[in-house]
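One-letter residues, chain by chain:
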Amino acid sequence: MNTEKNSAISIEQLRRNQPRFEGIKSGHRACLGCGQALAARLVTEAAGPDVVVANATGCLEIFTTPWPESAWHIPWMHSVFENAGAIASGMEAALKAQGKSTKVLAFGGDGGTFDIGFQAISGMLERGHNVLYVCFDNEAYMNTGIQRSSSTPHAAMTTTSPPGSERMGKRHLKKDILTIVAAHHIPYAATTSIAYPSDIRKKVRRAMDIEGPTFIHIHCPCPLGWGHDGANSIKVARLAVQTGLFPVIELERTELIGSMPIRHPKPVVEYLKMQQRFRHLFTTKDARAREELEHIQALADHNIKHFNLQGDTMDALDSDGADTVRRGGMRWA
Ligand SMILES: Cc1ncc(C[n+]2csc(CCOP(=O)(O)OP(=O)(O)O)c2C)c(N)n1
């Protein structure tokens, strides 16, 4: 029987029933539980076929294109580590000159985005190119052997920030890339996480519809570099959000327009304990370890307060039904 309730199909349901477009097919060589592989699949699926991609050197480029194979089913170009932003700018200008509406995407890891590729990205954003830049953030230079980047969180162990008598892992704070990107006055910048696929899809579709530079920052656990079981990548990603350590937010220019609420913030130790990169904080009697844990908790508490994340407006965080809630008016930067 076709009740009124049954026939009221939302646009979202219609979209879900469509055959999925796959920009990246199976058969690539990512590690088991790779957050970046899942994120890239979700991004390309939501972006659809009418795109071209400039992809900086990094895990994603490497595991999808072991010569002579390619897992890509969209036009894709490998840029060097430092110039995905410049290549994407050139592609966009060329397509525009030909009168084509094909959207240009640029992909980079945190090393390629926060650090080495940043100059070209900044130029691309400032010149207003119609490009969606996606940063797949696994919080270190992973494909070259887990070196720290400016996105590596405070106190994490990497091969270049080992804990020892001098320090408890990485000394510095994770760079606040979204603030820096937003300071280019771009129309849209957002964070999201592989724990919330529908949030990724919605943000990509939103960015695709905007004429001008847009930026999406996706938190992507890396089992190898973070030292967790690959089967737990989603759980780890979700805890990063639920503790407040990785705020999921949306900005228009410098205005905070949306955030994913956290109903019951979890203590940061739940997140940290799942990962070997923080094990030194739990396996020593050194008083500095406790201080670091308190510091990390304070960082999470600050995020929750600063972005006004704690809320009970919806059952946000226990399912993929989670969503960024639009909030008006708060000046963010
Ligand atoms: C100018 C330059 N410096 C260093 C390298 C070596 N290199 C290639 S990929 C990479 C790490 C990439 O890290 P990230 O962008 O975070 O991506 P991930 O591998 O973690 O996905 C490094 C150091 C390079 N190719 N070019």
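In this text the structure is predicted, and so the values were computed from the model without any measurement.

Caption draft 1: Just the overall build of the protein, in detail. Along its length, the protein carries 13 helices and 9 strands. Taking all 333 residues of the protein together, the buried fraction comes to 53%. For the protein, the proportion of contacts with a sequence separation of at least 24, taken over those separated by at least 6, is 71%. Summing over all exposed atoms, the protein offers an accessible surface of approximately 15,100 Å²; the carbon and sulfur share of this is 54%. Considering the protein, the positive charge centre built from 37 side chains and the negative charge centre built from 34 side chains are found 1 Å apart.

Caption draft 2: Structural context of the site of the ligand. Taken together, 17 residues lie near the ligand, and Cys-59, Gly-111, Gly-112, Met-142 and Asn-143 sit nearest. In this structure, an oxygen atom belonging to the ligand sits 2.8 Å away from a main-chain N or O atom of Gly-112. Within the side chain of Asn-138, a nitrogen or oxygen atom sits 3.0 Å from an oxygen atom of the ligand. Protein chains bury 76% of the 590 Å² of accessible surface belonging to the ligand in isolation. With 3 residues, helix α6 (residues 110-115) is the single largest residue contributor to the shell around the ligand. Grouping the amino acids of the shell around the ligand by side-chain chemistry returns 6 nonpolar, 9 polar and 2 charged.

Caption draft 3: Summary view of the nonpolar core. Membership of the largest hydrophobic core comes to 59 residues, with the highest contact counts inside it found for Phe-107, Phe-136, Val-204 and Ile-218. Looking at which element gives the most residues to this core, the answer is helix α3 (residues 35-47), with 7 residues. The contacts of Val-204, once residues within four sequence positions are left out, are Val-43, Ala-46, Ala-47, Leu-132 and Ile-216. If you look at the next biggest cluster of nonpolar residues, it comprises 30 residues, including Val-104, Ile-121, Met-124 and Ile-304.

Caption draft 4: Representation of the pattern of salt bridges within the structure. Inspection of the entire model under this criterion finds 13 salt bridges. When salt bridges that share partners are traced, they join Asp-137, Glu-139, Lys-174 and Arg-277 into one network.

Caption draft 5: Just the pairing of strand β8 (residues 255-259), in detail. Most of β8 sits inside the fold, with 4 of its 5 residues counted as buried. Direction of pairing for strand β7 (residues 249-252) relative to β8: antiparallel, over a ladder of 4 bridges. Each bridged residue has a counterpart across the sheet, and for Glu-252 the counterpart in β8 is Glu-255.

Cut-off values and rules
Residues numbered from 1 in each chain as written. Predicted model: local features only at pLDDT ≥ 70, side-chain atom pairs only at ≥ 80, totals over all residues. Heavy atoms only, no water. Helix = DSSP H or I, 4+ residues; strand = E, 2+ residues; numbered from the N terminus. Buried < 20%, exposed > 50% of the residue type's maximum accessible area, 1.4 Å probe, protein only. Contact = heavy atoms within 4.5 Å. Areas by Shrake-Rupley, 256 points an atom, 1.4 Å probe, with all protein chains shown as cover. Lys, Arg positive; Asp, Glu negative; His and termini not counted. Charge placed at Lys NZ, Arg CZ, Asp CG, Glu CD. Near = heavy atom within 4 Å. Polar contact = N/O pair within 3.5 Å; in protein donor to acceptor, adjacent residues only side chain to side chain. Nonpolar A, V, L, I, M, F, W, Y, C, P; charged D, E, K, R; others polar. Core = buried A, V, L, I, M, F, W, Y, C linked by side-chain atoms within 4.5 Å. Salt bridge = Lys/Arg side-chain N within 4 Å of Asp/Glu carboxyl O. Pairing = 2+ DSSP bridges.

Read these as spatial facts, not as claims about activity.
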